[in-house]
Amino acid sequence: KKFQRRCRTVTFAPRPVYITTTHPSSSAISIGIEKQHLAKKKKLSRGFRRDYSIGDHARSQCHMMVECTSDIGTLKRHDFAFVKRSDGSYTYAILAYRSNKTNDTEESMIFVLSYDGSTKVIRRRYWAELIRFVSMEGLQ
């Protein structure tokens, strides 16, 4: 029996090409782009509070906004909110994913409730009952 050797071809992405120029405005442009990038990175998600970590129970009712339940649908991925647990307490959580409505399923939000990865799926009909915005009053 003859041994047939198979060849594999491996390709790599091309290296990025860096163009350098001595034109003074090009360095100013690159610095401006870097500043814009850093500003975007520093922008915090809606509802972020330094005094809470994911999984912390609400320490006060004034940390939650109850009157804005009709606006809960405006939450975006990585926004923070308080989510009602099965024991009736509210936990500081982050919105991980929003599923879209299909023919068989209702639109829902998936929150991460703790650092160990516990999640809770909340269907649209329960949003007003189980989700509270984070109050930013009194924070600097």
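Shown above is the structure to which this text applies.
Residues numbered from 1 in each chain as written. Predicted model: local features only at pLDDT ≥ 70, side-chain atom pairs only at ≥ 80, totals over all residues. Heavy atoms only, no water.

Once that is clear, we can look at the overall build of the protein. Looking only at helices and strands, the protein has 2 helices and 6 strands in total. Shown N-terminal to C-terminal, the secondary structure of the protein runs as helices and strands in the order α-β-β-β-β-β-α-β. Looking at the protein as a whole, 27% of its 140 residues qualify as buried. In the protein, the proportion of contacts linking residues at least 24 apart, taken out of those at least 6 apart, comes to 53%. Summed over its atoms, the accessible surface of the protein is roughly 11,500 Å², and 52% of this surface lies on carbon and sulfur atoms. (Helix = DSSP H or I, 4+ residues; strand = E, 2+ residues; numbered from the N terminus. Buried < 20%, exposed > 50% of the residue type's maximum accessible area, 1.4 Å probe, protein only. Contact = heavy atoms within 4.5 Å. Areas by Shrake-Rupley, 256 points an atom, 1.4 Å probe, with all protein chains shown as cover.)

As for its position among the elements, H63 is in the loop between α1 (24–42) and β1 (64–65). What H63 contacts, discounting residues up to four positions off in sequence, is R49, Y52, F82, F133, V134 and S135.

Let us now look at unusual backbone geometry. With phi around 75°, H78 is a residue other than glycine that occupies positive phi space. Mapped onto the elements of the fold, H78 is located in the loop between β1 and β2 (80–84). Assessed through its relative accessible area of 37%, H78 is described here as partly exposed.

So, on to the packing of aromatic side chains. One pass over the structure, following the stated rule, counts 5 aromatic pairs. Relative to F80, the ring of F48 lies with its centre 5.7 Å away and its plane at 55°, an arrangement referred to as tilted. Placement of the pair is F48 in the loop between α1 and β1 and F80 in strand β2, with a sequence separation of 32 residues. When its relative accessible area of 10% is taken as the criterion, F80 is described as buried. Seen in terms of ring centroids, Y52 and F82 are 5.2 Å apart; in terms of plane orientation they differ by 80°. Their pairing is edge-to-face. With Y52 in the loop between α1 and β1 and F82 in strand β2, the pair connects residues that are 30 residues apart, well separated along the chain. Of the two residues examined, Y52 and F82, each falls in the buried class. Among the aromatic side chains, those forming a connected cluster through ring pairs are F48, Y52, F80, F82 and Y92. A cation sits over an aromatic face here: R59 above Y52, 3.9 Å from the ring centre. (Phe/Tyr/Trp six-rings, centres within 6.5 Å; stacked < 30°, edge-to-face > 60°. Lys NZ or Arg CZ within 6 Å of the ring centre and 35° of its normal.)

Now for the sheet that holds strand β4 (residues 108–112). The 6 strands are arranged β1-β6-β2-β3-β4-β5 in an open sheet whose pairing can be described as antiparallel. Looking at which strands have only one partner, the edges of the open sheet turn out to be β1 and β5 (119–123). Two elements, β4 and β5, share 5 bridges in a ladder whose sense is antiparallel. Residue F111 lies in a different strand from β5, and its bridge partner there is K120. (Pairing = 2+ DSSP bridges.)

Enumeration according to the criterion identifies 6 salt bridges in this entry. For the salt bridge of R59 with D56, the shortest nitrogen-to-oxygen distance reads 4.0 Å. The exposure class assigned to D56 is partly exposed, which follows from its relative accessible area of 26%. Salt-bridge contacts for E106 lead to R125; the nearest nitrogen and oxygen are separated by 2.9 Å. Highlighted residues: E106 in the loop between β3 (90–99) and β4 and R125 in the loop between β5 and α2 (127–130), separated in sequence by 19 residues. (Salt bridge = Lys/Arg side-chain N within 4 Å of Asp/Glu carboxyl O.)

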